[in-house]
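# Architecture at a glance
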Amino acid sequence: MVARSTLSGSAAGLVLTNARSDLPLLPRVTVGGSSSTSRSTSTSRLSSSSKKSSHLSQLPQTSDSQLEISRGYEKVPLSSVTSIVDGLKRLYIEKLKPLEVTYRFNDFVSPLLTNSDFDAKPMVMLLGQYSTGKTTFIKHLLRGSYPGKFFSLWAGAHIGPEPTTDRFVVVMSGPDERSIPGNTIAVQADMPYSGLTTFGTAFLSKFECSQMPHPLLEHITFVDTPGVLSGEKQRTQRSYDFTGVTSWFAAKCDLILLLFDPHKLDISDEFKRVIASLRGHDDKIRVVLNKADQIDTQQLMRVYGALMWSLGKVLNTPEVNRVYIGSFNDKPVNEAAVGPIGKDLFEKEQEDLLADLKDIPRKACDRRINEFVKRARAAKIHAYIISHLKKEMPAMMGKAKTQQRLIDNLEDEFAKVQREFHLPAGDFPNIEHFREVLSGYNIDKFEKLKSKMIQTVDDMLGYDIPELLKSFKNPYE
Ligand SMILES: Nc1nc2c(ncn2[C@@H]2O[C@H](COP(=O)(O)OP(=O)(O)O)[C@@H](O)[C@H]2O)c(=O)[nH]1
Ligand SMILES: [Mg+2]
């Protein structure tokens, strides 16, 4: 079988590599310690160890040709990923930020970017009802638990089942295993979570950052979430704006996994609101029908159909969403229960999903560049608008009156700017929001158009960024 993903592993290590040579931005992703792909995990060895180890190790093994390709990726250092980030960071500080500051882009459109915005790893968020296997899924990929508030108690004393999480946990790479409370992490300047303070202390007390050294976490950060409430009348039970938080994370994430359990297919009111809060990020959503090992093939067909049906009603996407069927458990698939077809299906589905996960770093890199370019364009338009408004102000008399007229007739002013600089109307900011912010300012104090600053940004877009992309690709050639 030609596997799309290459996955070899044992309890000690698991290697995810990309078998496509046309994906220059994708770094090699190694999970769970040793990255040696040459270690042979023979079927006979697996069958003896699979009882204990995760059933991940039962996945198809690496073919020779894929080994060759994965060796090629071994030469690609992680630093080539950071180099593009560093490049963008430098361009931002030298070329774009001055324009943003001069025309107060941060007050009108989006806060200034900080280093942590650039440095943040690609993120994957897991959403679903309570006990659909979100936490298990992460543990499955990490091949072990992640530190948390309950970690020492749980790992040390081995008492009872693991307590259920009622919190948002960001699982990320760190020098040692520890758990940092939300209140602390949200005020750390080198972390990209300061935006979460707007959700208040009620939320922050349910927010936690779990850090540990882990090869997979060097490339991807996971966001574990509390279960979406299942029944009606639930809104009052939350002490914070749950969907506001999921929406905030959705914007920052590169992939959103919606987990379902065959016994919990209903999409509750809160779940509907959560899905609505993901709007605009539909391309990031993947659906996982988890715990499929709990039912037989016939039931699975029914459940799959039912899930597609109910998703179709809430997801509002023109394409049919991809639903991955599987059992992302820390225990091996019970082959007697699911039968050989089930096992084979789960394995193939898991491969596909892992391929999707592996593609994240590459996609995240593309997304970053796209968003950076979009931001630069928006900052330019913003500068044109602000300087235009300034130009309309009289030199001496009637300043207050003119200011009011400009605010009232903002549509006309936008149209003038659009014509003068040949800009697409769709790139202009939301007029109501702009008007609202503008009314708090004295237009007369705005800066005139500084064409040199605009030129610098144009140079950046036309020359520096393409150059950066060109040199970034070199290590992979
Ligand atoms: N049969 C089966 N059980 C699973 C699977 N994934 C998770 N579980 C179990 O479901 C329970 C809830 O899992 P958990 O990860 O805590 O769910 P969460 O609330 O979504 O984080 C645990 O007892 C897991 O062992 C699966 O794929 N198959
Ligand atoms: Mg959980």
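Residues numbered from 1 in each chain as written. Chains lettered and ligands numbered in written order. Predicted model: local features only at pLDDT ≥ 70, side-chain atom pairs only at ≥ 80, totals over all residues. Heavy atoms only, no water.

The name given to the protein in an unreviewed UniProt entry is Dynamin-type G domain-containing protein, with the source organism recorded as Tetracentron sinense.

We now examine the pattern of salt bridges. As a working rule, side chains carrying opposite charge can pair if their charged atoms are close by. Tallying each qualifying case throughout the model produces 29 salt bridges. For Lys264, the salt bridge is made with Asp261, and the minimal N-O distance between the two is 3.8 Å. A salt bridge links Asp352 to Arg322; its shortest N-O distance comes to 2.6 Å. Placement of the pair is Asp352 in helix H13 (residues 335-358) and Arg322 in the loop between helix H12 (297-315) and strand E11 (323-325), with a sequence separation of 30 residues. Residue Arg322 is classed as partly exposed on the basis of its relative accessible area, which comes to 33%. One connected set of salt bridges, linked through shared partners, spans Asp166, Arg167, Lys206 and Glu208. (Salt bridge = Lys/Arg side-chain N within 4 Å of Asp/Glu carboxyl O. Helix = DSSP H or I, 4+ residues; strand = E, 2+ residues; numbered from the N terminus. Buried < 20%, exposed > 50% of the residue type's maximum accessible area, 1.4 Å probe, protein only.)

Two orientations exist for strands paired in a sheet by backbone hydrogen bonds: parallel and antiparallel. The strand order across the open sheet built from 8 strands is E6-E7-E5-E8-E4-E9-E10-E11, with neighbouring strands paired in mixed fashion. The open sheet has two edge strands, strand E6 (178-181) and E11, and neither has a second partner. This sheet shows a mean twist of 25° between the axes of neighbouring strands, independent of strand direction. Examined bridge by bridge, strand E4 (residues 123-128) and strand E8 (residues 221-224) share 3 bridges and lie parallel to one another. Bridge assignment links Val124 to a residue of E8, and that residue is Phe222. (Pairing = 2+ DSSP bridges. Axes fitted to C-alpha atoms, helices over the stretch in contact; angles between N-to-C directions.)

The subject of this paragraph is the site of ligand 1. Ligand 1 sits among 16 residues. The nearest are Ser131, Lys134, Thr135, Thr136 and Ser327. In the environment of ligand 1, an oxygen atom lies 3.0 Å from a nitrogen or oxygen atom belonging to the backbone of Gly133. One of the backbone N or O atoms of Phe328 is found 3.4 Å from an oxygen atom in ligand 1. When grouped by side-chain class, the residues that make up the shell around ligand 1 number 2 nonpolar, 10 polar and 4 charged. (Near = heavy atom within 4 Å. Polar contact = N/O pair within 3.5 Å; in protein donor to acceptor, adjacent residues only side chain to side chain. Nonpolar A, V, L, I, M, F, W, Y, C, P; charged D, E, K, R; others polar.)

This part covers the packing of aromatic side chains. Scanning the model with the defined rule gives 23 aromatic pairs in all. Relative to Phe203, the ring of Phe168 lies with its centre 5.6 Å away and its plane at 65°, an arrangement referred to as edge-to-face. Here the residue Phe168 occupies a position in strand E5 (residues 168-173), and Phe203 occupies one in helix H9 (residues 200-204), the gap between them amounting to 35 residues. We note that Phe168, like Phe203, is buried. Considering the side-chain rings of Tyr384 and Phe421, the 3.8 Å spacing of their centres and the 15° angle between planes classify their relative orientation as stacked. Of this pair, Tyr384 sits in helix H14 (residues 360-392) while Phe421 sits in helix H16 (residues 410-421), and the two are 37 residues apart along the sequence. Taking relative accessible area as the criterion, Tyr384 reaches 10% and is therefore assigned buried. Here Phe421 falls in the partly exposed class, since its relative accessible area comes to 22%. In this structure an aromatic cluster arises from ring pairing among Phe168, Tyr193, Phe199, Phe203, Phe207, Tyr240, Phe242, Trp248 and Phe249. (Phe/Tyr/Trp six-rings, centres within 6.5 Å; stacked < 30°, edge-to-face > 60°.)

Now for the pairing of E8. Burial along E8 is two-sided: the residues Thr221 and Val223 and Phe222 and Asp224 are all buried. Relative to E8, E5 runs antiparallel, the two sharing 3 bridges. Each bridged residue has a counterpart across the sheet, and for Val170 the counterpart in E8 is Val223.

In this section: H16. Given a rise of 1.5 Å per residue, 12 residues ought to cover 16 Å, and the 17 Å separating the end C-alpha atoms of H16 matches this to within 8%. Buried residues of H16: Leu410, Glu413, Phe414 and Val417, and no others. In a view along the axis of H16, the buried residues occupy a sector of 100°, so they form one face of it. Phi for His422, located one or two positions after H16, is positive at around 55°. (Expected span 1.5 Å × (residues − 1). Arc of directions from axis to C-beta.)

The backbone phi angle of Arg104 is positive, close to 55°, even though this residue is not glycine. Positive phi is not limited to glycine here, since His422 has a value of about 55°. Mapped onto the fold, His422 is located in the loop between H16 and helix H17 (431-438). Taking relative accessible area as the criterion, His422 reaches 71% and is therefore assigned exposed.

By size, the foremost hydrophobic cluster in this structure holds 49 residues, and its most contacted members are Tyr193, Phe207, Phe249, Leu258 and Phe260. Looking at this core, the element that brings in the most residues is H12, giving 6 residues. Setting aside anything within four residues of it in sequence, one finds Leu258 in contact with Leu127, Phe271, Ile275, Leu278, Ile285, Arg286, Val287 and Val288. In terms of nonpolar packing, the next biggest core, distinct from the first, is built from 42 residues, Leu96, Ile369, Ile386 and Leu389 among them. (Core = buried A, V, L, I, M, F, W, Y, C linked by side-chain atoms within 4.5 Å. Contact = heavy atoms within 4.5 Å.)

Positionally, Glu100 belongs in helix H3 (residues 79-102). Taking relative accessible area as the criterion, Glu100 reaches 0% and is therefore assigned buried. Separated by 2.8 Å, the side chains of Glu100 and Arg375 make a polar contact.

Here we take up the environment of Val437. Within the secondary structure layout, Val437 lies in helix H17. Note on Val437: relative accessible area 17%, which makes it buried. In the structure, Val437 is positioned 329 residues away from Phe108 in sequence and 6.3 Å away in space, judged by C-alpha atoms.

Turning our attention to the packing of H16 against H17. Two elements in contact, H16 and H17, have axes whose closest approach is 11 Å; the angle formed by their N-to-C orientations is 110°. Considered as vectors, H16 and H17 are oriented roughly perpendicular to each other. In contact with Leu410, Glu411 and Phe414 of H16, H17 contributes Ile431, Phe434, Arg435 and Leu438. (Parallel < 35°, antiparallel > 145°, perpendicular 65-115°, else oblique.)

Our next topic: the confidence of the model for the protein. In this model, the protein carries an average pLDDT of 78, and 75% of its residues clear a pLDDT of 70 or more. Note on residues 1-76: pLDDT is under 50 here. Beyond four places in sequence and across chains, it has 164 contacts. Low pLDDT (under 50) marks residues 150-163, which in the prediction has 17 contacts with non-local residues, meaning those over four places away or in another chain. (pLDDT = per-residue confidence, 0-100.)

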